[in-house]
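Residue-level structure breakdown
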Amino acid sequence: MGRLVALSLLGIALALLGERLLVFRNRLKTSREVESLDLPNCHLIKGIEAGAEDIDILPNGLAFFSVGLKFPALHSFAPDKPGGILMMDLKEENPRALELRISRGFNLASFNPHGISTFVDSDDTVYLFVVNHPEFKNTVEIFKFEEEDNSLLHLKTIKHELLPSVNDIVAMGPAHFYATNDHYFSDTFLKYLETYLNLHWTNVVYYSPNEVKVVAEGFDTANGINISPDKKYIYVADILAHEIHVLEKHPDMNLTRLKVLTLDTLVDNLSIDPSSGDILVGCHPNGQKLFVYDPNNPPSSEVLRIQNILSEKPTVTTVYANNGSVLQGSSVASVYDRKLLIGTLYHRALYCEL
């Protein structure tokens, strides 16, 4: 009888694992391929060789790039080089990417930047918020941008128990932000288990010097985050659920889920077109190719534009798509004055004139 029970339990466990595997493959879109839809006036940005996971552009056309992200088991073209922050002035005729110098005392050797966001104060002070993973831990770094000498002055490092696995961030003030946690756990093994079992335990956290709280939860894998031009709504990308969530922001900074837009791709970072309010989405058509890197069958890239997301039927169009021959693993797309920047998780970055 004991052996029969053991065999029955083993059979149930194997069936559950098999079902979870099928679901996981669907979440990764393992069979999806894209046809290239290249833009005519584009070139790869010199100096970005190992990813530009996130990009944020100031109203004056200064673009910041988060470069060199590394994670366990994630491919890297520069595994021994620390990450950094680059800047490009999009008002220049032939803009170049320049690495910003960071103030003394900040640990550059372990700098591992992920999501970024800027905030311009009433006195025109520019703050740069950077999700950082030093030694694969989780912090948020706040810098002051010194434009006269193209440098960053480090102001503060933030750690908190409600920020165990930070992915992206949107600044709301000089020391205030919303951030996504893409996992509930910080331990690497538990992260893999959580993702495989599809627990939907990830969330959005609001941070201020006086209050830190979870303001939205129940996401599969919360990823990119941004805010609408009128500051009324927060947009959250749920990468493995292929969804963009629209959440209404309240005076107490709590969020209420308003609607969900489902797409046929893995949605990463979200940017706002300042001229239209449209959402630009850096996407991964096939997650398996992204996480199991094969140079002979590289991950593809895809950029979507979402118009009128609050309407009953938002318009979704493909801005750019490539099979990996030019750009691998697009994670973000940002636009300024008909100039499009596309970053990637660990590959190159693209500059296009529309």
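This text follows the structure it describes.
Since the structure is predicted, the reported quantities are computational estimates derived from the model, not experimental observations.

**Structural notes on the overall build of the protein chain**
The number of helices and strands found in the protein chain is three helices and 25 strands. Relative to the compact-globule value of 20 Å for 354 residues, the protein chain shows a C-alpha radius of gyration of 20 Å, a close match. Burial statistics for the protein chain: of 354 residues in total, 56% are counted as buried. Taking the intrachain contacts of the protein chain between residues at least 6 apart in sequence as the baseline, contacts between residues at least 24 apart amount to 54%. Accessible area for the protein chain stands at about 16,200 Å²; split by element, carbon and sulfur atoms hold 53% of it. Taken together, the 30 basic and 44 acidic charged side chains of the protein chain have centroids lying 3 Å from each other.

**Here's the deal with the packing of aromatic side chains**
Given two aromatic rings, their pairing is described by the distance between the two centres and the angle made by the two planes. Tallied over the full model, the rule gives 14 aromatic pairs. The interplanar angle of 70° and the centroid separation of 5.4 Å between the aromatic rings of phenylalanine 106 and phenylalanine 143 together place this pair among those described as edge-to-face. With phenylalanine 106 in the loop between strand E6 (101-102) and strand E7 (113-120) and phenylalanine 143 in strand E9 (residues 139-146), this residue pair connects regions lying 37 residues apart in the sequence. In this structure an aromatic cluster arises from ring pairing among Phe77, Tyr293 and Tyr346. The aromatic ring of phenylalanine 219 is capped on one face by arginine 257, whose charged end is 4.8 Å from the ring centroid.

**Focus: the pairing of E9**
With respect to burial, E9 is a largely interior element, seven of its eight residues being buried. In this structure, the hairpin formed by strand E8 (residues 126-132) and E9 is closed by a connection of six residues, where glutamate 135 is found at a positive phi of approximately 55°. Strand direction decides the pairing type here: E9 and strand E10 (residues 151-158), joined by seven bridges, are antiparallel. Counted as the bridge partner of glutamate 141 is threonine 157 from E10. Between the antiparallel neighbours E9 and E10 lie four residues, among them asparagine 150 with a positive phi of about 50°.

**A look at the sheet that holds strand E1 (residues 42-44)**
Judged by pairing direction, the sheet is antiparallel, and its four strands sit side by side in the order E1-E25-E24-E23 without closing on themselves. Each edge of the open sheet carries a strand with a single partner, namely E1 and strand E23 (330-336). For this sheet, the mean angle separating the axes of adjacent strands, direction not counted, is 20°. Pairing between E1 and strand E25 (residues 350-353): three bridges, direction antiparallel.

**Some remarks on the sheet that holds strand E13 (residues 202-207)**
Here four strands make up an open sheet; going across it, the order is E11-E12-E13-E14 and the pairing antiparallel. Every interior strand has two partners, whereas the edge strands, strand E11 (166-173) and strand E14 (212-219), have only one. Sheet twist, expressed as the average angle between the axes of neighbouring strands with direction ignored, equals 15°.

**Notes on the pattern of salt bridges**
A side chain of one charge can pair with a side chain of the opposite charge if their charged atoms are brought near each other. Enumeration according to the criterion identifies eleven salt bridges in this entry. Arginine 32 serves as the salt-bridge partner of glutamate 302, at 3.0 Å between the closest nitrogen and oxygen. With a gap of 270 residues between them, glutamate 302 in strand E21 (residues 301-307) and arginine 32 in the loop between helix H1 (2-28) and E1 connect regions that are remote in the sequence. What makes glutamate 302 buried here is its relative accessible area of 5%. Overall, the relative accessible area of 18% leaves arginine 32 in the buried class. The shortest N-O distance in the salt bridge between glutamate 135 and lysine 137 comes to 3.4 Å.

**With respect to the state of the cysteines**
Formally, a disulfide is one covalent bond, and it connects the sulfur atom of one cysteine to the sulfur atom of another. Going through the model one piece at a time under the given rule, you end up with one disulfide. Between the sulfur atoms of cysteine 42 and its disulfide partner cysteine 352 the distance amounts to 2.0 Å. On the sign convention where negative means left-handed, the S-S torsion of about 110° between cysteine 42 and cysteine 352 marks this disulfide as right-handed. One end of the pair, cysteine 42, is in strand E1; the other, cysteine 352, is in strand E25, and 310 residues separate them in sequence. Residue classification places cysteine 352 among the buried positions, given a relative accessible area of 0%. Free cysteine: cysteine 283, not disulfide-bonded; nearest cysteine sulfur from cysteine 352 at 15 Å.

About the thresholds
- Residues numbered from 1 in each chain as written.
- Predicted model: local features only at pLDDT ≥ 70, side-chain atom pairs only at ≥ 80, totals over all residues.
- Heavy atoms only, no water.
- Helix = DSSP H or I, 4+ residues; strand = E, 2+ residues; numbered from the N terminus.
- Rg over C-alpha atoms; globule rule 2.2 N^0.38 Å.
- Buried < 20%, exposed > 50% of the residue type's maximum accessible area, 1.4 Å probe, protein only.
- Contact = heavy atoms within 4.5 Å.
- Areas by Shrake-Rupley, 256 points an atom, 1.4 Å probe, with all protein chains shown as cover.
- Lys, Arg positive; Asp, Glu negative; His and termini not counted.
- Charge placed at Lys NZ, Arg CZ, Asp CG, Glu CD.
- Phe/Tyr/Trp six-rings, centres within 6.5 Å; stacked < 30°, edge-to-face > 60°.
- Lys NZ or Arg CZ within 6 Å of the ring centre and 35° of its normal.
- Pairing = 2+ DSSP bridges.
- Axes fitted to C-alpha atoms, helices over the stretch in contact; angles between N-to-C directions.
- Salt bridge = Lys/Arg side-chain N within 4 Å of Asp/Glu carboxyl O.
- Disulfide = S-S within 2.5 Å.

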